[in-house]
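One-letter residues, chain by chain:
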Amino acid sequence: MQDTVLERLIKTLSKLPGLGPRSARRVALHLIKNKDTQLKPLSDLLLRCHAEMQVCAVCGNIDTVSPCHICLSEKRDGGTICVVEEVADLWALERSGTFKGKYHVLGGTLSAIDSRGPDELGITRLLRRITEDKTAEVILATNATVEGQMTAHYITEQVKPLGPKVSRLAQGIPMGGELDYLDEGTLGAAMRARLAI
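Here the structure is a predicted model, which means the values were calculated and not measured.

Our next topic: the confidence of the model for the protein. Across the protein, the average pLDDT comes to 90, with 96% of residues at or above 70. By mean pLDDT, the top-scoring element of the protein is strand β4 (residues 101-105) (97), and the lowest-scoring one is strand β7 (residues 195-196) (74).

Below, the discussion takes up the nonpolar core. Counting residues in hydrophobic clusters, the biggest one holds 22 residues, and the most contacted among them are C82, V84, L93, Y103, A141, L169 and M191. Considering each element in turn, this core owes the most residues, four residues, to helix α5 (residues 87-96). Ranked by size, the runner-up nonpolar core spans 15 residues in total, among them L121, I155, V159 and V166.

Between α5 and helix α8 (residues 184-192), the shortest axis-to-axis distance is 8 Å and the interhelical angle comes to 90°. Considering their axes alone, α5 and α8 lie roughly perpendicular with respect to each other. On α8, the residues touching A92, L93, R95 and S96 of α5 are E184, L187, G188 and M191. Split into classes, the residues belonging to the contact of α5 with α8 amount to four nonpolar, two polar and two charged.

In this structure, P67 follows S66 across a cis peptide bond, with omega equal to 0°. Residue position: P67 is located in the loop between β2 (62-63) and α4 (69-72). We note that S115 has phi near 55°; this positive angle belongs to a residue other than glycine. In this structure S115 comes out as exposed when scored by relative accessible area, which is 57%.

Cut-off values and rules
Residues numbered from 1 in each chain as written. Predicted model: local features only at pLDDT ≥ 70, side-chain atom pairs only at ≥ 80, totals over all residues. Heavy atoms only, no water. pLDDT = per-residue confidence, 0-100. Helix = DSSP H or I, 4+ residues; strand = E, 2+ residues; numbered from the N terminus. Core = buried A, V, L, I, M, F, W, Y, C linked by side-chain atoms within 4.5 Å. Buried < 20%, exposed > 50% of the residue type's maximum accessible area, 1.4 Å probe, protein only. Axes fitted to C-alpha atoms, helices over the stretch in contact; angles between N-to-C directions. Parallel < 35°, antiparallel > 145°, perpendicular 65-115°, else oblique. Contact = heavy atoms within 4.5 Å. Nonpolar A, V, L, I, M, F, W, Y, C, P; charged D, E, K, R; others polar.

Here it is in structure tokens:
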């Protein structure tokens, strides 16, 4: 069977999170049927994102500028850094509106199986930020998974000798839960009830 453009589109869409082959086929057909009103604007936006979006050199957020708007904001508390696994977790906390400090995005968790160590997660960069910015508190907002807990423990051991208070999100985050899937109320309660480690 010949590999057509439509088949390649379906295969590419099926690699996206939450889309299997059947959902990808439905999305592809919908886009093709609505070429002018949805496919063209979507393709233009994708090209623009490819050209303009970048990773913040300070915190790891995604924005059109580096440092990102959060890092550049003078309204944010520069003495508090919230450490998250992924950009989606940062966005989830921002939606809750409860955190007004700065962030550090790890880009994952420590994992020997995936060959992801402290250097791959930018933990050295985090430690340098804490020292240079004279950070007063580091909030560990890693997911409540085994890998998230292990990563939080490692970071705690590295940060405590530097002097800042180290806390962890508390109430409302179920074991095995991921921040991006929680509602704003649950995230807000967890942020307000964080505990020192």
